[in-house]
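Coordinates in review
What follows is each chain in one-letter form.
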Amino acid sequence: MTMQHGGDLSEAIARYGGPPGAWLDLSTGINPVPWPVPTGLLQARLHRLPSRDDEIALIEAARAAYRVPHGAEIAIAPGTQALIQWLPRLAADGAVAIVGPTYSEHGLAWSYGGRDVASCDDIDKAPPWVRHAVLVNPNNPDGREVPMDAIARAAGIMQQRSGWLVIDEAFADVAPDLSATALCVDLPIVILRSFGKFYGLPGLRLGFAIAAPTIIRSIRNALGPWAVSSSALSVGAAALRDEPWAIATRAALQRKAAGLDAVLQSAGCDIVGGTPLFRLVRHGGAGGLHEALARQQIWCRKFDWADDLLRFGLPTEDEVDRLRKALA
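The rules behind these values
- Residues numbered from 1 in each chain as written.
- Predicted model: local features only at pLDDT ≥ 70, side-chain atom pairs only at ≥ 80, totals over all residues.
- Heavy atoms only, no water.
- Helix = DSSP H or I, 4+ residues; strand = E, 2+ residues; numbered from the N terminus.
- Rg over C-alpha atoms; globule rule 2.2 N^0.38 Å.
- Buried < 20%, exposed > 50% of the residue type's maximum accessible area, 1.4 Å probe, protein only.
- Pairing = 2+ DSSP bridges.
- Axes fitted to C-alpha atoms, helices over the stretch in contact; angles between N-to-C directions.
- Contact = heavy atoms within 4.5 Å.
- Phe/Tyr/Trp six-rings, centres within 6.5 Å; stacked < 30°, edge-to-face > 60°.
- Lys NZ or Arg CZ within 6 Å of the ring centre and 35° of its normal.
- Left-handed = near helix turned anticlockwise from the far one by under 90°.
- Nonpolar A, V, L, I, M, F, W, Y, C, P; charged D, E, K, R; others polar.
- Core = buried A, V, L, I, M, F, W, Y, C linked by side-chain atoms within 4.5 Å.

Attention now moves to the overall build of the chain. Along the backbone of the chain there are eleven helices and 13 strands. For 328 residues, the compact-globule estimate of 2.2 N^0.38 gives 20 Å, and the C-alpha radius of gyration of the chain, at 20 Å, lies within 12% of that figure. Its C-alpha atoms give the chain principal-axis dimensions of about 55 × 50 × 35 Å. Of all 328 residues assigned to the chain, the portion counted as buried reaches 52%.

Written out as structure tokens, the structure is:
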């Protein structure tokens, strides 16, 4: 059985049984302790269409939270997946290099868009015949970080080719200094930011693109009016303005990740990568371990391209003991 993505228990339940509430889903990199949505905020705006004022408020909150400089613009989308689907259809003609292994939807989207797709293991090794490049920073699933000088160098090369450098910063909330937003004004960089992972609210379906005004204009036109719900706009703006929560959450995620490492290592797993929102481990019997955990209604992420790797999202403090016992 293959796993295209984490976060969907349908295939797990179909094979191993049990009601959804019995499962511990560690197959994603989503914060298990979400931003506390105030009572009524989700429903407060359901009776009307999203307004321009709602959008402006969210854009201002995102500009501050993501350190977006003046001269760069922001497009709001119903999740970064929608942006991933659109970018190959908006970019200039030409091939693309995907720095991998990484989130597979990037390569699939460009391929479905009729582009030739090349793979490379380093942004500096992108083939000379590609016009665009895509990297995830920090990378999913290994957490690899690309330094700013390498990003600037690659973006400069794409600029010479009249192309784009797309940077998926879905997990950059845990390490804000990794973000390349400061480079967006002078270089053809398109940054994607995911709201749901760090804030623990993936069902809200909210994401952002950050780039030069001409690029953002084309993205907004493609998405059309009312692309994001009123509830997503209001919750997103309130959460992004809550800087004390973000600071405390980054520290808490670091502590929880260290605790998860200890549990996994005690079960014979080698920690080979990750971010504070997920851990990548190597285990000689990864397939058997995945099966054994699934039979105990614990779902982690396995990979078709590496039979010795597993990825674990963060459990809550109450769930850590359940994982420890299951691994034992």
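Attention now moves to the sheet that holds strand β3 (residues 96–99). If you trace the seven strands from one edge of the open sheet to the other, you get β2-β8-β7-β6-β5-β3-β4, paired in mixed fashion. The strands lining the two open edges of the sheet, one partner per strand, are β2 (73–77) and β4 (117–120). Strand-to-strand twist across the sheet, computed as the mean angle between neighbouring axes with direction ignored, equals 20 degrees. By the bridge criterion, four bridges tie strand β5 (residues 132–136) to strand β6 (residues 165–168) in an arrangement that is parallel. Among the inter-strand pairings, Val134 is bridged to a residue of β6, identified as Val166. Packing against the sheet, helix α7 (residues 213–223) makes contact with β2, β7 (189–194) and β8 (207–211), and its axis sits at approximately 20 degrees to β2.

So, on to the side chain of Asp173. Looking at where Asp173 falls in the secondary structure, it is placed in the loop between β6 and β7. Judged by its relative accessible area of 5%, Asp173 falls in the buried class. Not counting the four nearest positions on each side in its chain, Asp173 is found in contact with Tyr66, Arg193, Ser194, Phe198, Tyr199 and Arg250.

All right, on to the packing of aromatic side chains then. Counted by the stated rule, this structure contains ten aromatic pairs. Linked through ring pairs, Phe195, Phe198, Tyr199 and Trp245 together constitute an aromatic cluster. Positioned above the aromatic ring of Phe278, the side-chain terminus of Arg311 is 5.6 Å from the ring centre.

A few words now on the packing of helix α3 (residues 80–90) against helix α4 (residues 104–112). For the pair α3 and α4, interaxial distance at closest approach is 8 Å and the crossing angle is 35 degrees. As for how α3 packs across α4, the hand of that crossing is right-handed. Here Gln81, Ile84, Gln85, Leu87, Pro88 and Arg89 of α3 come into contact with α4, specifically with Glu105, His106, Ala109, Trp110 and Tyr112. Its residues assigned to classes, the contact of α3 with α4 comprises six nonpolar, three polar and two charged.

We now examine the sheet that holds strand β12 (residues 301–303). Reading across from one edge, β9-β10-β13-β12 is the order of the four strands in this open sheet, with antiparallel pairing throughout. Strand pairing shows two members of the sheet lacking a second neighbour, β9 (270–275) and β12, which therefore form its edges. On average, each strand axis in the sheet is inclined to that of its neighbour by 25 degrees, with strand direction left out of account. Strand direction decides the pairing type here: β12 and strand β13 (residues 306–313), joined by three bridges, are antiparallel. In the strand pairing of β13, Phe303 is matched with Ala306. Where helix α9 (residues 243–266) meets the sheet, it contacts β9, β10 (278–282) and β13, and its direction lies at approximately 20 degrees from that of β10.

Now for the nonpolar core. Core analysis: the biggest nonpolar cluster contains 76 residues, and Leu165, Phe208 and Phe312 have the highest contact counts within it. Residues within four places of Phe312 in sequence aside, it is in contact with Leu26, Leu260, Leu264, Phe278, Arg279, Val281, Leu293, Cys300 and Leu323.

At a minimum axis separation of 11 Å, α3 and α7 run at an interaxial angle of 115 degrees. Crossing of α3 over α7 shows right-handed handedness. Here Leu83, Trp86, Leu87 and Leu90 of α3 lie close against α7, whose contacting residues are Ser218, Ile219, Ala222 and Leu223. Tallied by class, residues from the contact of α3 with α7 come to seven nonpolar, one polar and no charged.

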